[in-house]
Each structure stands twice: as C-alpha cells, then as structure tokens.
Amino acid sequence: MKREYQKLEIDWKVGKALGFKEDYLFWATIRELSGRYDYRMITVTENHQEIWLESDTNKEFPVIRLIRQDLDWANWLKRDIERTLQNGERIRQKLYKKPINILSIYVSKFAPVDDHDFSLQVASYKKTKVNTFILTCEAIEQSLQNLEHILKKPLSIQVLQEDEIDEEKVLALKKDAISESVKKAKAEQKVFQHANKPFFTYLFMAIQIAVFILMEFNGGSTNSKTLIEFGAKYSPLIMQGEWWRFFSPIIVHIGFFHLLMNTFSLYLIGAEVERIYGNARFLFIYAFAGFAGTLGSFIMTPNLSAGASGAIFGCFGALLYFGSVYPKLFMRSMGSSVIVLIIINLIYGFSVSGIDNAGHIGGLIGGFLAAGVVSLPKNKNILRQLVFFIGTAILTYTLLKFGFNHQNSAAINDNTMAMLAQKYINDEKEAKAEEMLTDYVGDNPDAPLSLFMLGNIAFDEKDSNKAKDYYEKAIDTNPDLHQAHYNLALVQMDLGSLDQAKEQAEKAIELAPDNKSYAELLKKIETQL
C-alpha cells in the first residue's frame, strides 16, 4: 500500500513537470513568432490556451493558430480542425477577402494514440486552408525541426530539461510573449494618433457655418446670384480667369440641409483623417481634394455647384490610401465601414437628381493622390511620393487643359452667358459684358438671351436704334421671350412708334398675363395714342 501511494505521488510530480514543459513550449513558440517574425495576437481565449496570430509580412502563413491541448484521440482533433476552418474563414472574410493559408499548431505531450500521421494533414473550407501541425514534447527537438521546415524560418527556442522548467519560468515567458503583442498594439494606436486635435477640421467647420450665415443675410444660400458672389463653382467665371473658384466652393453650401450633412460628415471623417495624417498633411489633402472635386465638376457639368462634398470624399480617398499602406490594419479597424460608406454615397448620388457626382468622384481620386504625395507620417517613401507627385501634376495639368479647351462649349451656353453678363453689369463692368456677349453671339447667332442682354446694354447707353435691332433679333430667335417684347415696346415708345409699341406690349401680355408691369405699359401707350 505504501509503495502504491509513493508511485501515485511520483506520477503526479512527473505529470506536473511535463505540463510545465508543454506550457513552456507553447509560450516560447508564441514569443518567437511575435518577437522575431512580427506576428501579433488577434484572438486570445479566456484561459489563454488558444491564441491566433497574424502577420502583415508573412506570405506563406499570414495567420497561425496555437492551441495548448494534450491530445488523446484523433476524433477530437478532426472536430477541432473543422472548428478551426470555420473560425479561419471568418477571419479571412474580415481581414483578407482573398484565399489564405493558416497554420494550426497543437502543443501536446503526445500525438493522438490512434493516428500518428495526422499531424501532416491539410484541410480546406471555401477560400481557407488549414495546415495542421502537432508540436509534441516527447520528440521536441524533431518537432521543432519539422516546424522550422514548415515555416521556412529558423527558430531559436531553447530546449530545456524538465527539472529546469518551473511555474515561475513559464509565467515569465508568457509575460514576454504578451508584452510583444502589447507593443505592437501600442505601435498601431500611434498610427491613428499623429495629431492630438483635428484643428483644421474644426476650422473648416466654423468657416463654412459662418459663410452660410453671411449668405442667408445677403440674399439666401439658395439664390444663384448670392452663390456666385460667395464663390460657388461657376464655369464661365472660371474661364474668365477666376481660378480661385476651384477652391472657394469648399466653404459654400446650398441650403441648410446641405450644410448640416457636410458639417456632420466633416466632423466624423475629417477628424479621423487629420488624426492619422497630422494637421499639415490634412490641410493639403483636404484642399487638393476640394480642388479636384471642383475640377471634376468643371469638366463634366456646366451647372452652378458648391459644397464640401468633394473635399469630404477626398478624406475617404485618404483613408483608402491608408488601407493600401496598412491593408490588414485598415480592414481590422475601419476598412469595411469606409468602403460601404463610399459605395452608399455614390449610389445615392447617382440615384438622386441635383447631386454633383463628378465632384464626389473627383474629390475621392484627389484625396487618394494627395495622400500619396504627402504619405503617412511614419511611412515615408521618397521614391513613391515622387511618383505620386509627378503623376498627380501630369494628371492635373491634362485635366485642366482638357476642361478649358474642350469643355467650353458644354460649359458655356446662352443662359450662362446671360447670367455672367448680368453679374458684370451689376459690378459696373458694362464694357466687359458687352465685349463678351458680342464675341459669343458672333459665334452663336441663335442666342436670344445674349442678344437680349446686348439690347439692355444699348438701351442703358441711350442707343435706341441699336437696342431695337438686338431685341428684334432676340425675338426672331425666340418669339416667346416676353421680356424682349416688353423692352422692345419701351424702345418703340422712345422712337415715337406707338403703334408698334402697343403691338409689342400686347404680345408681352399674351405671353405673361400675370405680369402687372406689362399691363401698366400698355395703358400708358394707349393714353398717348
């Protein structure tokens, strides 16, 4: 009886020592992969017996899963491999999207008793492949050599004797292994915190709110004249030399809802981009993306437009560039959300009228290119930045040249010329307005609004005969232009042709019966007949 008791006591001590040995091997492998080969922990079970590691640099096995489990029967191992495949597929869908190779390492005292060759099996599910390897302590040196062969990397794990391993040594090893992952996690956090405060984000928010308030007190933010005066994108004025209108639309908004949505988006997205890139880089990215958005709009549409949407899409572009530099970190942290938001916004833009999609897409591309030029604070690459700079400069020059040389006819039409001329007249630049309109109608004789504006200029200059000629040409081109009929009636009165004046006044009333000025003019003419 005494001998049996001693035997049980000895077995317990040996088992405990061997348990320490497997624990030591488990944590030594994790420390080696973390500290030497840049793997980081992405999943840890509550009891620390199963740990998933991931590497941005290892192409053979980007994901390694280690489990501390004393194996007995192969059936359990087969079920666990199925579970590993399911978990691996979830990780693949979240971080990689493309097919991945996972190495699953079991640290065990022995291999399964009923299937000694199982350790070299490979299983697959959808786009995930799991390579199973059993690291056994009964043949530890041979197992480590086999693991080196599979990893194609040397391992510097020190093989200790059982009496050299105790609980304190295992805990110290575990602490070192976890510390390596904590260091990597802190390093990743620094990538997201280059700027403590998003200064320029808040500044642009304040500026666009202030500009909106000023616009509301000077004609309203939906008034075309007010929008033009405050710097909205207006292609005719850009082609007249007002290049600053490529930038000024960033702080101009059309209506309160437009301002609200863009200010909220800037607060969420802009602040994040500024923290990642830093204040100065963010300012360049935001300004260039706003310019690129306006350029895209300038090329694709002649419509009056404004808003920070292009610059905000540029922030999305900057985040996509971040994803190209840190793809796995991007997908782990924000990637799916950013991509979904971009897609939703683009779909919404194409399905709702009145949204400047060309500006959005231009801003998105501009933000990506600008981010490539300035690069990320801790990822400088002079050659890559130079390539981005040269490519961006060439593309910008080409698009500007294309916009000015080939899109003028699309951007300039009779309506925009008349609006531009009216602006010059309001600014007391009648001579410039007349010169511009004369050149335009010389190339486009069927331009009733431009002819009408030339008539107004002549009428203001007291040249009734010249005004009469322009108004008649405008009416010949567009007989329904009631303003031309009314003004022609005024000119005919000045020339003493009251019968013709009455005829034109009656025509103006016929086309616009609700206009009281027309009826009053007719009465005035009739009293003089």
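What counts, and where the lines are drawn
Residues numbered from 1 in each chain as written. Predicted model: local features only at pLDDT ≥ 70, side-chain atom pairs only at ≥ 80, totals over all residues. Heavy atoms only, no water. Helix = DSSP H or I, 4+ residues; strand = E, 2+ residues; numbered from the N terminus. Buried < 20%, exposed > 50% of the residue type's maximum accessible area, 1.4 Å probe, protein only. Contact = heavy atoms within 4.5 Å. Areas by Shrake-Rupley, 256 points an atom, 1.4 Å probe, with all protein chains shown as cover. Pairing = 2+ DSSP bridges. Axes fitted to C-alpha atoms, helices over the stretch in contact; angles between N-to-C directions. Parallel < 35°, antiparallel > 145°, perpendicular 65-115°, else oblique. Left-handed = near helix turned anticlockwise from the far one by under 90°. Nonpolar A, V, L, I, M, F, W, Y, C, P; charged D, E, K, R; others polar. Core = buried A, V, L, I, M, F, W, Y, C linked by side-chain atoms within 4.5 Å. Phe/Tyr/Trp six-rings, centres within 6.5 Å; stacked < 30°, edge-to-face > 60°.

1. Digging into the overall build of the protein chain
- Along the backbone of the protein chain there are 22 helices and six strands.
- Within the span of the protein chain, comprising 529 residues, buried residues form 49% of the whole.
- Within the protein chain, contacts between residues separated by at least 24 positions form 69% of all contacts whose residues are at least 6 apart in sequence.
- For the protein chain, the exposed area adds up to about 27200 Å²; of that, 56% sits on carbon and sulfur atoms.

2. Some details on the sheet that holds strand E3 (residues 63-68)
- Taken together, the six strands give an open sheet; going across it, the order is E1-E2-E3-E4-E6-E5, and neighbouring strands pair in mixed fashion. Of all strands in the sheet, those bounded by a partner on one side alone are strand E1 (40-44) and strand E5 (122-125). Direction aside, neighbouring strands of the sheet carry axes that sit 25° apart on average.
- Note: E3 against strand E4 (residues 100-108), six bridges, orientation parallel. When the sheet's bridge partners are listed, leucine 66 is paired in E4 with isoleucine 105.
- Along the sheet, helix H2 (residues 74-95) contacts E1, strand E2 (50-54), E3, E4, E5 and strand E6 (128-136); its crossing angle with E4, the most-contacted strand, is approximately 140°.

3. Structural notes on the pairing of E3
- Among the six residues of E3, six are classified as buried, and the element is accordingly described as predominantly covered.
- Residues of E3 alternate between two faces, with Val63, Arg65 and Ile67 on one and Ile64, Leu66 and Arg68 on the opposite face, all of them buried.
- Looking at chain direction, E2 and E3 are connected through five bridges and run antiparallel. Across the sheet, isoleucine 51 pairs through a bridge with leucine 66, a residue of E3.

4. A closer look at the packing of helix H5 (residues 199-216) against helix H8 (residues 256-277)
- Relative to each other, H5 and H8 sit at 170°, their axes nearing to 8 Å. Relative to H8, H5 is oriented roughly antiparallel. As for how H5 packs across H8, the hand of that crossing is right-handed. Facing H5, whose interface residues are Phe199, Phe200, Thr201, Tyr202, Phe204, Met205, Gln208, Ile209 and Phe212, H8 presents Phe256, Leu259, Asn262, Thr263, Leu266, Tyr267, Gly270, Ala271, Glu274 and Arg275.
- A breakdown of the residues in the contact of H5 with H8 according to their chemical character gives twelve nonpolar, five polar and two charged.

5. A look at the nonpolar core
- Of all hydrophobic cores here, the largest spans 47 residues; its most connected members are Val273, Tyr277, Tyr286, Leu319, Phe322 and Leu376.
- Broken down by secondary-structure element, the contributors of at least two residues to this core are H5, helix H7 (235-239), H8, helix H9 (279-300), helix H10 (309-325), helix H11 (327-333), helix H12 (335-351) and helix H13 (357-374).
- A total of ten residues in this core trace back to one element, the largest contributor, which is H10.
- Ranked by size, the runner-up nonpolar core spans 33 residues in total, among them Tyr24, Ile64, Leu144 and Leu160.

6. Quick word on the packing of aromatic side chains
- Under the definition given, this model contains 20 aromatic pairs.
- When the centroid spacing of 5.4 Å and the interplanar angle of 25° are considered together, the rings of phenylalanine 247 and phenylalanine 291 count as stacked. Remark: phenylalanine 291 occurs in helix H9 and phenylalanine 247 occurs in the loop between H7 and H8; sequence separation between them is 44 residues.
- Overall, phenylalanine 247 belongs to the partly exposed group, its relative accessible area being 35%.
- Taking 5.2 Å as the distance between ring centres and 55° as the angle between the ring planes, the aromatic pair formed by phenylalanine 298 and phenylalanine 404 counts as tilted. Placement of phenylalanine 298 in helix H9 and of phenylalanine 404 in helix H14 (residues 382-406) is noted, with a sequence separation of 106 residues between them.
- By relative accessible area, phenylalanine 404 is classed as partly exposed at 28%.
- Here the aromatic residues Phe246, Phe247, Phe284, Phe288, Phe291, Phe298 and Phe404 are joined through ring pairs into a cluster of three or more.

7. As for the pairing of E2
- Judged by how many residues are buried, E2 sits mostly within the fold: five of five residues are covered.
- In this sheet, E2 lies alongside E1 in antiparallel orientation, the contact comprising four bridges. Within E2, the residue paired with arginine 40 across the bridge is glutamate 54.
- Connecting the antiparallel pair E1 and E2 is a turn made up of five residues, with histidine 48 showing a positive phi of about 60°.

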